[in-house]
Amino acid sequence: MSGETLSDLARFEIRADLDRAHARAWQHLAGPGTWWDGAQRLAMVEACREALDCALCLERAAALSPFAVHGTHDSTSALPDNVVEVVHRVRTDSGRLTESWFDRMMDTGLSETEYVEIVGVVSVATALDTLAKGLGIPPRPLPEPVPGSPSRHRPANARKTLAWVATLEPEDVTDADPDPYGGKTPDLVANIHRGMSAVPAEVAAFFELDDVIYLPQFALKDFATEYRAISHAQMELIAARVSLINRCRY
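Each value, and the rule that gives it
- Residues numbered from 1 in each chain as written.
- Predicted model: local features only at pLDDT ≥ 70, side-chain atom pairs only at ≥ 80, totals over all residues.
- Heavy atoms only, no water.
- Helix = DSSP H or I, 4+ residues; strand = E, 2+ residues; numbered from the N terminus.
- Buried < 20%, exposed > 50% of the residue type's maximum accessible area, 1.4 Å probe, protein only.
- Polar contact = N/O pair within 3.5 Å; in protein donor to acceptor, adjacent residues only side chain to side chain.
- Contact = heavy atoms within 4.5 Å.
- Core = buried A, V, L, I, M, F, W, Y, C linked by side-chain atoms within 4.5 Å.

Peer 1: Is there a simple way to think about the side chain of Glu-85 in this case?
Peer 2: For Glu-85, the location among the structural elements is in helix 5 (residues 81-93). On the basis of relative accessible area, Glu-85 is assigned to the buried category, the value being 10%. Among the polar contacts made by the side chain of Glu-85, one reaches the side chain of Arg-60 at a distance of 3.1 Å. Contact partners of Glu-85, with chain neighbours within four places excluded, come to Arg-60, His-73, Trp-101 and Met-105.

What follows is the structure in C-alpha cells.
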C-alpha cells in the first residue's frame, strides 16, 4: 500500500493535483532536510502518530496547565527525548506552548533552526494523516528514508523580529537561499509564511501542500470564483471550527 496514491485508496474521485501534492509531500518528508536526515524526519512522523495515544500527552491535555504534569512520553523511536517532547507537544497541545517552554527546549541543545524543521515536519505529517482520516483511509505506511545529508543552510539574513525564532523577510532573501515564499511580493507574505522562514524548504513544502488542500493565495479573496466543491464561506466555517477545537491562536 505504501506506493499507492490517494486515488487508489479512496472510495471516490480525488483531484489529480491533490494526488500529486500528496506524493510530493511524502517525498519531502522522507528526504534529507536542512538540519535532519531522512531517517530522523520519518522518525518524527512516527512520533507524531504515537503522540495521539501517549499517556503523558493525554494527561497534559486534560490538565488546567500542561506544565503541571510531568513524566515520560510513550515513544518507540530512537529520537532524543527533547525532540520527542517537541514533536508530541506541537502535535497535541500547540495552542498552549509558551516562550519559556521554547527557551527550555533551546537549553537542551536544540537550535532554533532544528526546532523550526521539527515544526515543519509535524505540520506536513499532521496534514497528510488528517487528510487520510477524512477520506476514510488508513495512514500511509512510512516510506524508506532517502539517503543523504542535511544541507545545514541557515539564511544569513534571518534574525529575530516577530517570533520566538529568527525569521527571514522577503527582501532579505539572497541568491544563496531557497526562496521560502515562492516568488510572492512582500505585500503578499503574511506572518504565517514568515514563521518557519529560517528553514526555507519547510515553508515551501508546507504551503505547496496547503495551496492544494485549501486554496492558493491568489484565490483566497477571489470571492467571485469558487475553486473547490464547497464555497469560500463553507471552507472558512470549517476552518474556524477546527481552529477553535485546536485552540489555534492565529
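There is more to say after this.
Peer 1: How do you make sense of the nonpolar core when you look at a structure like this?
Peer 2: Considering soluble globular proteins, one finds that nonpolar side chains tend to be buried as a cluster. Core analysis: the largest hydrophobic core is formed by 47 residues, its most contacted members being Leu-29, Met-44, Val-83, Val-86, Val-87, Tyr-115 and Ile-118. Those elements giving two or more residues to this core turn out to be helix 2 (16-30), helix 3 (38-50), helix 5, helix 6 (99-107), helix 7 (112-135) and helix 9 (200-213). Counting residues per element, this core draws most heavily on helix 7, which supplies 12 residues. If sequence neighbours within four positions are ignored, Val-86 has contacts with Trp-101, Met-105, Leu-110, Tyr-115 and Ile-118. With 5 residues, the next largest nonpolar core counts Leu-56, Cys-57, Ala-63 and Val-69 among its residues.

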